[in-house]
Amino acid sequence: MIRHHPDNNMLLEYSSGSLPWAMSLAVSAHLQLCPQCRQQRESLNDIGGALLSESAPQTIDTDAFSKLMGRIDAAEQQTREEERLAGEMGEPTARPQRPVRHTDPILSDLPKVIRKLISRREPLKWKRVSNALRTSRLTTGQDRYEVAFQRICRGGQVAEHDHRGREVTVVLVGSFSDADGVYRRGDFLVREPGDVHRPIATQDQECLCLSVVEAPVKVTGLLGWLVNPFLSFRPA
Ligand SMILES: [Zn+2]
C-alpha cells in the first residue's frame, strides 16, 4: 500500500503545467501507480475549473500527462540534434532511432511515463557507485534537475547523505527503508535541504527508484565520498 504522496500544491502545479517538468515526471509516475492521488487530482481539477469559470473564461489544463509525453519527445529530439551535430564534428553517435526493448527484468514493469522516457535509450549506462548502489542518469534536456535511476541491491545500504536541494524519489520496484520508515512501490518522498538519511533496500528484491534532484547533496557519513551517487551533479 502506498503511504507517501505528493501534496495538493504539487498536484495542482502538475495539473496546471507550472511544475518543472523533471518534477512532473516523478508526479506522473506516482499518479500512474496511485489511484488515490488520481482521484484527488480529479477533485482538485473540478474545484480549480469551477473557480476559474466564475472568474474568467479560461480553462485549467487537465491534460498535463499528454503535455509531459510531448515534452519527452521534444527532449529526445533535442538530444538527437545535439548528437547529429556532434557526429558532424567527428564524434561517435550510437543512439538508436527507434523504440527499443529493454531486456533488463527490473525495467519490465515501469509506469508508462518512465517507459517512454527510456524507450530510445538503450542500453542504459549504469554507473557502479558502491557494492550496493548503481545509478543511471536519464537525459531530460534541462539542467536544473538531475533525473536518475537509483538501483540498490537486495539488503544494500547507501551512504548517509543530506540534501542541499529538494529531492523527490519515487519507488518503482522493490522497497527500501530508512530511520523514518519503509517505502514501497509507488511511494513518493520529498527530501528537503538539510534532511539526512541512509536508505537500505529490503532483503527480498532489488530496489529501483526514480530520483529528481534539484541541487547536489553532500555526504555526511564516513566513506560517503566513495559511495555517494549524487555528488557528480552535472547538467543533463
Ligand atoms: Zn498518491
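Criteria and thresholds
- Residues numbered from 1 in each chain as written.
- Predicted model: local features only at pLDDT ≥ 70, side-chain atom pairs only at ≥ 80, totals over all residues.
- Heavy atoms only, no water.
- Helix = DSSP H or I, 4+ residues; strand = E, 2+ residues; numbered from the N terminus.
- Polar contact = N/O pair within 3.5 Å; in protein donor to acceptor, adjacent residues only side chain to side chain.
- Contact = heavy atoms within 4.5 Å.
- Donors = N, O, S within 2.8 Å, 3.2 Å for Na, K, Ca; no water.
- Buried < 20%, exposed > 50% of the residue type's maximum accessible area, 1.4 Å probe, protein only.
- Pairing = 2+ DSSP bridges.
- Salt bridge = Lys/Arg side-chain N within 4 Å of Asp/Glu carboxyl O.

Student: Please clarify how the side chain of H197 should be interpreted in this entry.
Tutor: Mapped onto the fold, H197 is located in strand β9 (residues 196–197). A distance of 3.4 Å separates a polar atom in the side chain of H197 from a polar atom in the side chain of D178. Reaching out from H197, the side chain makes a polar contact with the side chain of R191 at a distance of 3.5 Å. Excluding anything up to four places from it in sequence, H197 contacts A159, E160, H161, H163, D178 and R191.

Student: Even after reading the chapter, I still don't get the coordination of the zinc ion, so can you show me in this structure?
Tutor: Four donors placed tetrahedrally about a metal ideally form angles of 109.5 degrees, and six donors placed octahedrally ideally form angles of 90 or 180 degrees. Taken together, H5 (ND1), H30 (NE2), C34 (SG) and C37 (SG) make up the protein donors of the zinc ion, found 2.0 to 2.3 Å from the metal. Sequence spacing among the residues donating to the zinc ion works out to H-x24-H-x3-C-x2-C. Here C34 lies in the loop between α2 (21–33) and α3 (35–55) and H5 lies in the segment before α1 (8–16), a separation of 29 residues in the sequence. For H5, a relative accessible area of 25% translates into the label partly exposed.

Student: Help me understand the pairing of strand β3 (residues 146–152), please; the structure alone is not making it clear to me.
Tutor: In the case of a regular strand, side chains alternate between the two sheet surfaces. Across the 7 residues that make up β3, a large majority, 7, are buried. Here β3 shows a buried face lined by E146, A148, Q150 and I152 and a second buried face lined by V147, F149 and R151. Here strand β2 (residues 133–137) runs beside β3; their pairing, made up of 5 bridges, is antiparallel. Each residue of the ladder has a partner; that of R134, found in β3, is R151. As judged from the 7 bridges shared by β3 and strand β11 (residues 207–213), these two strands associate in the antiparallel manner. Bridging from a neighbouring strand, Q150 pairs with C209 of β11.

Student: What am I meant to see in the pattern of salt bridges here?
Tutor: All chains considered together, the criterion is met by 10 salt bridges. The salt bridge involving D109 is made with R185; its shortest N-O contact spans 3.5 Å. Of this pair, D109 sits in the loop between α4 (64–88) and α5 (112–118) while R185 is found in the loop between β7 (181–183) and β8 (188–191), placing the two residues 76 residues apart along the sequence. Residue D109 is classed as partly exposed on the basis of its relative accessible area, which comes to 49%. For R185, a relative accessible area of 31% corresponds to the partly exposed category. R191 serves as the salt-bridge partner of D180, at 3.5 Å between the closest nitrogen and oxygen. With D180 in the loop between β6 (176–178) and β7 and R191 in strand β8, this residue pair connects regions lying 11 residues apart in the sequence. Three or more residues joined by partner-sharing salt bridges are found here, namely D104, R134, R151 and E206.

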